[in-house]
Amino acid sequence: MDMLAFAGVRPFSAHRVRTARAANSRLVAMSGLALLILLPVPYVSALGLDSLWRVHYFSGLLLVPLLGVKLGGTGWRAVRYYLGDRGFRADGPPHPMPRITAPILVLSTVVLFLSGVEMLLGADRFGSWSTIHNGAAIVFTGALGLHLLAHLWDTPREVAADLVPSRATAPAKVSGARRRTAVTVIAFVAGISLATAAMPVSHWQTSRPPGEHRHLG
């Protein structure tokens, strides 16, 4: 139990109620849950890139707008907190574990997706970009696992409070639920549009030499 509390896993750790800036927390939770649902696709497709490279790239690009919403919401909260915003200060800082893992997770996310886009655009898939992509994927996975420990308990409750308020167990109703849902849906649609534009029909109809993507993560 002490180890779970140290990792920030609720209900074993102290729960910090967000009231003054709960709308930001709800948006971050909703976009984060959407990402968590979609993440298995690029992971599974990475296991068979010789035949599933199109799915891997498409699913990766699909996540970019949602990542933008998630990182934007988290970044805004951090900036306002450290600038002394009274609302965010009143809600208190996050647990030490996500505060430690968040910078690592953000940096590895940026490197992971930028290297993936670079390879999609035609960079050497056997050279340095492949090594960078694989290394970023390993760091990202580890940081994500630790980060999730501190949020997996509260995130479904916060999302349910927006999507199904009549059945939610969250203590307070926060205005703007429809806007937050709309932002998340728009980001998902934008991701599909981005992936479709970057992966034209010709990419799906042609195949690459066997083993070309074997070194991708």
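Predicted model, so just to flag it, every value in this text is computed and none were measured. (Residues numbered from 1 in each chain as written. Predicted model: local features only at pLDDT ≥ 70, side-chain atom pairs only at ≥ 80, totals over all residues. Heavy atoms only, no water.)

Structural notes on the overall build of the protein
The secondary structure content of the protein amounts to 11 helices and zero strands. Each helix and strand of the protein, placed in order from N terminus to C terminus, yields the pattern α-α-α-α-α-α-α-α-α-α-α. A total of 217 residues make up the protein; the buried ones form 39% of that total. Considering only residue pairs separated by 6 or more positions, the protein has 79% of its internal contacts joining residues 24 or more positions apart. (Helix = DSSP H or I, 4+ residues; strand = E, 2+ residues; numbered from the N terminus. Buried < 20%, exposed > 50% of the residue type's maximum accessible area, 1.4 Å probe, protein only. Contact = heavy atoms within 4.5 Å.)

Brief notes about the nonpolar core
Residues Leu 63, Leu 112 and Phe 140 are the most contacted members of the largest nonpolar core, which totals 17 residues. Elements with a minimum of two residues in this core: α2 (22-38), α5 (64-82), α7 (96-120) and α8 (128-149). When sequence neighbours within four positions are dropped, the list of residues in contact with Leu 63 reads Leu 35, Leu 38, Leu 39, Pro 42 and Phe 113. (Core = buried A, V, L, I, M, F, W, Y, C linked by side-chain atoms within 4.5 Å.)

A few points about the confidence of the model for the protein
Considering every residue of the protein, the mean pLDDT works out to 79; 77% of them sit at 70 or more. Within the model, the stretch residues 4-8 combines pLDDT values under 50 with 15 contacts to residues more than four positions away or in other chains. Counting interchain partners and residues more than four positions distant, the pLDDT-below-50 stretch residues 11-15 has 10 contacts. (pLDDT = per-residue confidence, 0-100.)

Regarding the packing of aromatic side chains
On inspection of all chains with the given rule, the structure shows two aromatic pairs. Seen from their ring centres, Trp 53 and Tyr 57 are 6.1 Å apart, and the 75 degrees between their planes marks the pair as edge-to-face. A residue pair is termed a helical-turn pair when its members lie 3 or 4 positions apart in one helix, as Trp 53 and Tyr 57 do in helix α4 (residues 49-62) at four residues. By relative accessible area, which is 6% here, Tyr 57 ends up buried. Between the aromatic rings of Tyr 81 and Tyr 82, the centroid separation amounts to 5.2 Å while the plane-to-plane angle is 85 degrees, which identifies the pairing as edge-to-face. Residue classification places Tyr 82 among the exposed positions, given a relative accessible area of 54%. (Phe/Tyr/Trp six-rings, centres within 6.5 Å; stacked < 30°, edge-to-face > 60°.)

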